[in-house]
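Below are the chains, spelled out letter by letter.
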Amino acid sequence: QVQLVESGRGLVQSGGSLRLSCAASGRTSPLYRMGWFRQTPGKEREFVADIAWTSGITHYTDSVKGRFTIRKDYASRTVYLQMNSLRPQDTALYFCAAAAVNREYRTARNYDYWGQGTQVTVSS
């Protein structure tokens, strides 16, 4: 089993920045990728970004490209999501996720482990 603990929740003004962290513990080997999803009430969980654990290859949803950066610290088994130029439409509950094998990265059901979620609120 893998446990994921997110941190970095916050309330910021439009244009501000936040950094989310996700620390993985437990049986973290093997893990193929880790990702971030977000969800607002009444909507499905939406892919934000992911990073392959070994290669470091990243993907982003179009709406965050150029504003968000995902990176990993292999030694501490931590993934970070640096969010800049935040917009009110980025307001959501953000979830960290981990996949043990290589599956299509944008689909939530392809991830095996999930954190509890951390709230990000961007005011206009």
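The structure contained in this document is the topic of the report that follows. Everything numeric here is computed off the predicted structure, so don't read it as measured data. (Residues numbered from 1 in each chain as written. Predicted model: local features only at pLDDT ≥ 70, side-chain atom pairs only at ≥ 80, totals over all residues. Heavy atoms only, no water.)

1. Examining the sheet that holds strand β7 (residues 68–73)
Then step 1. Judged by pairing direction, the sheet is antiparallel, and its 4 strands sit side by side in the order β1-β3-β8-β7 without closing on themselves. The open sheet has two edge strands, β1 (2–7) and β7, and neither has a second partner. Looking at each pair of strands side by side, their axes are set apart by 15 degrees on average, direction ignored.
Then step 2. Bridge count for β7 against strand β8 (residues 78–83) is 6 bridges, and the pairing is antiparallel. Each residue of the ladder has a partner; that of aspartate 73, found in β8, is threonine 78. (Pairing = 2+ DSSP bridges. Helix = DSSP H or I, 4+ residues; strand = E, 2+ residues; numbered from the N terminus. Axes fitted to C-alpha atoms, helices over the stretch in contact; angles between N-to-C directions.)

2. Structural notes on the environment of alanine 92
Then step 1. Positionally, alanine 92 belongs in strand β9 (residues 92–99).
Then step 2. Residue classification places alanine 92 among the buried residues on the basis of a relative accessible area of 4%.
Then step 3. C-alpha of alanine 92 to C-alpha of threonine 118: the two residues are 26 residues apart in sequence and 8.5 Å apart in space. (Buried < 20%, exposed > 50% of the residue type's maximum accessible area, 1.4 Å probe, protein only.)

3. As for the packing of aromatic side chains
Then step 1. Within this structure, the stated rule accounts for 7 aromatic pairs.
Then step 2. Judged by centre distance (6.3 Å) and plane angle (80 degrees), the ring pair of phenylalanine 95 and tryptophan 114 falls under edge-to-face. Here phenylalanine 95 is found in strand β9, whereas its partner tryptophan 114 is found in strand β10 (residues 113–114), with 19 residues between them in sequence.
Then step 3. Since its relative accessible area comes to 26%, tryptophan 114 is described here as partly exposed. (Phe/Tyr/Trp six-rings, centres within 6.5 Å; stacked < 30°, edge-to-face > 60°.)

4. Considerations on the nonpolar core
The nonpolar side chains of a soluble globular protein tend to be buried, and buried together.
Then step 1. By size, the foremost hydrophobic cluster in this structure holds 28 residues, and its most contacted members are Leu4, Met34, Trp36, Leu81, Met83 and Tyr94.
Then step 2. Elements supplying a minimum of two residues to this core: β1, β3 (18–26), β4 (33–39), β5 (46–52), β7, β8, β9 and β11 (118–123).
Then step 3. Leave out the neighbours within four places in its chain, and leucine 81 touches Leu18, Arg19, Leu20, Trp36, Val48, Ala49, Phe68, Thr69, Ile70 and Tyr94.
Then step 4. With 6 residues, the next largest nonpolar core counts Phe37, Ala99, Tyr105 and Tyr111 among its residues. (Core = buried A, V, L, I, M, F, W, Y, C linked by side-chain atoms within 4.5 Å. Contact = heavy atoms within 4.5 Å.)

5. Here we look at the pattern of salt bridges
Should the charged atoms of two oppositely charged side chains come close, the side chains can pair.
Then step 1. A full pass over the atoms with the stated rule returns 7 salt bridges.
Then step 2. Its salt-bridge partner being arginine 38, residue aspartate 90 comes within 3.0 Å of it at the nearest N-O pair. A residue pair is termed long-range when its members are at least 10 positions apart, and aspartate 90 in the loop between β8 and β9 and arginine 38 in strand β4 qualify at 52 residues. Note on accessibility: aspartate 90 and arginine 38 belong to one class, buried.
Then step 3. Two residues, arginine 106 and glutamate 104, come together in a salt bridge whose shortest N-O distance is 2.6 Å. (Salt bridge = Lys/Arg side-chain N within 4 Å of Asp/Glu carboxyl O.)

6. Considering the state of the cysteines
Then step 1. Per the stated rule, a full pass over the model turns up 1 disulfide.
Then step 2. Cysteine 22 shares a disulfide with cysteine 96; S-S distance 2.0 Å. Negative torsions about the S-S bond denote left-handed disulfides, and the value of about -80 degrees found for cysteine 22 with cysteine 96 makes this one left-handed. Of the two residues, cysteine 22 is situated in strand β3 and cysteine 96 in strand β9; the sequence distance between them amounts to 74 residues. Both residues of the pair, cysteine 22 and cysteine 96, count as buried. (Disulfide = S-S within 2.5 Å.)

No statement about biological role is implied by the geometric values presented.
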